[in-house]
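One letter stands for each residue in the lines below.
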Amino acid sequence: MSRIPLLRLPDLVLEEVFKELDPFKLIEFAKCSKRLHPMIRRIGKKFELSVDLYCKQINIYTPDGRQWPVYFYSLESEQENAKFVKTKCPTRDICIHLFEFLLYFGCYKIRHFETCPETIWNTSPIVKLLVYFKCTVRNVTFRMYKTEGDVFKEILSSLKVTDMLSIGAAVEFPPDFEFKFVFYPKFLYIQNSHWIKMDQVYKAANRCLKISLKKSQLTNEHLDRFLQRWQAGKLRKMKMFYFTVQGKQINKKSTIFDMEIPIKSEDDKCVHKRDHEGYQETVRKGVVFKNVDGQRAVIHFDPPTSSAFSFMLLD
Amino acid sequence: MSSTEQGTSSAAPAEPTTAPESAAAPEVPESFYYVHGKDKVVHKVSAGALQHSALIHGMISNLGYTEEQAKANPFPFENIDGDILQMVVDWCNQHKGKPTPPEDTNLPKQKEKLFDLVLAVNYLEIKELLTYCCKQVAMMVKGKSPEEIREIWMIPTDAEDEAAEKEAKKRAGKEAAGETAAAAGDAK
């Protein structure tokens, strides 16, 4: 067998050799010798990961645009450029593998984190790892059925989400649940949003591009006050904000913005589109308003055809 | 001193009276340089082939040798074995003036020489060849178990590393103690 004293190669050459290896091989090397750790981190820190507890999968993304999935299944299988971990306890093994990737690669960018529709206890250890390794998560989707208020608060306050936080319809919160966001992502989608109060909406308006709330406790009066403040030019920090909200107390029983409900255009072809930072948003059959600063916004509310109230800044 | 010489192109360009637009540019006679390794065997290589090496290319640009001066003063690479330098020269000649393909089938097949070749190529700064060599080194462990990898790439275990470190510390301690004792003896 031909042998090569690899560790006697100059660092830059060694790095070139290691760049030729796939992420799975790099992990094997990391376990071979501690002396290889700095070199593996030098290459691995450019990797990105995604964790999907629903599909029981971790993906590694390398700078050359390739994707290296690790599947955690109860059956054995084979696929090129993929790794299969035969397991009866996927969450535990996902945790172990994620720990190894974060430790040995030193990467900190998570593209996507999706939870499984099981208990929050499956999600918590993953979040702890991501927080411990100071990861930033681009997109998060929570979809577990059983939540514990305090555990969920801990998760929301510690996880640094940059682009999108989506909390699915399955996630039921206790009636007395209260939480104030520490990190505001660009997009915030919450299906059971009874705990989001107007002060949070004002904060989000200054930081988010879009928030979408369903099953909200907000009322026509709240929306009216929001629009009056905008009209008077008191929400100057708000840029490119799109707010859509739906709830029992947002209805046609009272006026909003001194207008009878519905607020809609009679022109069926009326469409307002906005393209910002590559994200496209559309409001159909909306009515355009201007505030004292000349800033334009489109508003649409047409219950029961469309039960969600929409407000989108156009400038 | 022996030498391996490549063919030269010495066609003297005839000066055209009226150059048609489609006529090829007059050929400039190619210049040659000379290199030798540890074994002192001199290799004659064209400037075109040597362009692959950033190190030699830089040396040529700075020295401005005539052909005679170049012949009288071959570039010495005493840290490179003769057979390794021969491989490098062969590769440079094969790829003279050609775009380098993504996969190179002209690489030396002897894995035993690969380590020395990588070091030489790195020293001579031949980027494309270094990339190919690194790929070859990486290929050596494809489909191998961690234990086989450790064996092939001669990677010591952490326990072996620790033992070697302890041994080195012990030796350094002993040497320091010996020096102190010698210094004390001198003082008396």
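Residues numbered from 1 in each chain as written. Chains lettered and ligands numbered in written order. Predicted model: local features only at pLDDT ≥ 70, side-chain atom pairs only at ≥ 80, totals over all residues. Heavy atoms only, no water.

Q: How should I be thinking about the interface of chain B and chain A in this particular structure?
A: Many structure descriptions define interface size as the accessible area lost when the parts assemble. Counting residues at the interface gives 29 residues for chain B, matched by 24 residues for chain A. A buried area of about 2600 Å², summed over both sides, lies between chain B and chain A, and 71% of it is on carbon and sulfur atoms. It is Phe115(B), Trp153(B) and Met154(B) that lose the most area in chain B upon contact with chain A, and together they represent 25% of the buried surface on that side. Remark: the boundary between chain B and chain A carries two salt bridges. The partner of Arg3(A) in a salt bridge is Glu151(B), and the shortest N-O contact between them spans 3.9 Å. At the boundary of chain B with chain A, the tally comes to seven residue pairs in polar contact (both at pLDDT 80 or more). If you list the elements that add at least two residues to the side of chain B that touches chain A, you get helix H5 (114–124), helix H6 (127–139), helix H7 (146–152) and helix H8 (158–187) of chain B. Residue classes in the side of chain B that touches chain A are distributed as 17 nonpolar, three polar and nine charged. (Contact = heavy atoms within 4.5 Å. Buried area = accessible area lost by both parts, 1.4 Å probe. Salt bridge = Lys/Arg side-chain N within 4 Å of Asp/Glu carboxyl O. Polar contact = N/O pair within 3.5 Å; in protein donor to acceptor, adjacent residues only side chain to side chain. Helix = DSSP H or I, 4+ residues; strand = E, 2+ residues; numbered from the N terminus. Nonpolar A, V, L, I, M, F, W, Y, C, P; charged D, E, K, R; others polar.)

Q: Sorry, what's going on with the pattern of salt bridges here?
A: Side chains carrying opposite charge are able to pair once their charged atoms draw close together. Inspection of the entire model under this criterion finds 23 salt bridges over all chains. The shortest N-O distance in the salt bridge between Glu48(A) and Arg138(A) comes to 3.2 Å. Of the two residues, Glu48(A) sits in strand E1 (residues 48–52) while Arg138(A) sits in strand E6 (residues 136–142), which places them 90 residues apart along the sequence. Judged by relative accessible area, which is 14%, Glu48(A) ranks as buried. The partly exposed category is assigned to Arg138(A), whose relative accessible area is 35%. The residue Arg150(B) makes a salt bridge to Glu147(B) at a minimum N-O spacing of 3.4 Å. Taken together, the residues span about one helical turn, with Arg150(B) and Glu147(B) both in helix H7 at a distance of three residues. Residues participating in the shared-partner salt-bridge network are Asp11(A), Glu15(A), Glu16(A), Lys19(A) and Arg42(A). (Buried < 20%, exposed > 50% of the residue type's maximum accessible area, 1.4 Å probe, protein only.)

Q: I keep staring at the nonpolar core and nothing clicks. Help me out?
A: Soluble globular proteins: nonpolar side chains tend toward being buried together. Grouped together as the largest cluster of nonpolar side chains are 138 residues, with contacts concentrated most on Phe18(A), Phe142(A), Phe243(A), Phe311(A) and Trp153(B). Two domains each provide a minimum of three residues to this core, namely domain 1 (1–183) and domain 2 (199–314) of chain A. Not counting the four nearest positions on each side in its chain, Phe18(A) is found in contact with Leu6(A), Leu26(A), Phe29(A), Leu36(A), Met39(A), Ile40(A), Ile43(A) and Trp153(B). Formed by five residues, the second largest nonpolar core is a distinct cluster that contains Val283(A), Val298(A), Met312(A) and Leu314(A). (Core = buried A, V, L, I, M, F, W, Y, C linked by side-chain atoms within 4.5 Å. Domains from an automatic or database assignment.)

Q: Before we go on, may I ask you to explain the environment of Thr305(A) in this structure?
A: Note that Thr305(A) resides in the loop between strand E14 (296–302) and strand E15 (306–313). Once the C-alpha coordinates of Thr305(A) and Asn291(A) are considered, the two residues, 14 residues apart in sequence, prove to be 27 Å apart.

Q: Can you help me understand the layout of surface pockets in this one?
A: Left-over empty space is what a probe sized like a water molecule reveals as it rolls over the atoms. In this structure, the largest pocket occupies an estimated 1000 Å³ of space. Every residue lining the largest pocket is counted, 37 residues in all, and those nearest its centre are Glu20(A), Leu21(A), Asp22(A), Arg66(A) and Trp68(A). At the level of elements, helix H1 (11–19) and helix H2 (23–32) of chain A together with H6 of chain B are the ones that each hand at least two residues to the lining of the largest pocket. Broken down by class, the residue content of the lining of the largest pocket amounts to 17 nonpolar, five polar and 15 charged. There is about 260 Å³ of room inside the second largest pocket. Lining of the second largest pocket is provided by Pro10(A), Leu12(A), Val13(A), Glu16(A), Glu20(A), Val121(B), Asn122(B), Glu125(B), Ile126(B), Lys127(B), Leu130(B) and Thr131(B). Looking at the lining of the second largest pocket, the elements that each hand over two or more residues are H1 of chain A together with H5 and H6 of chain B. Here the residues of the lining of the second largest pocket sort into six nonpolar, two polar and four charged. (1 Å grid on protein atoms, 1.4 Å probe; cavity = no way out; pocket = protein on both sides within 12 Å on 5 of 7 lines; lining within 4 Å. Points joined across faces, edges and corners; volume = space filled by probe spheres on them.)

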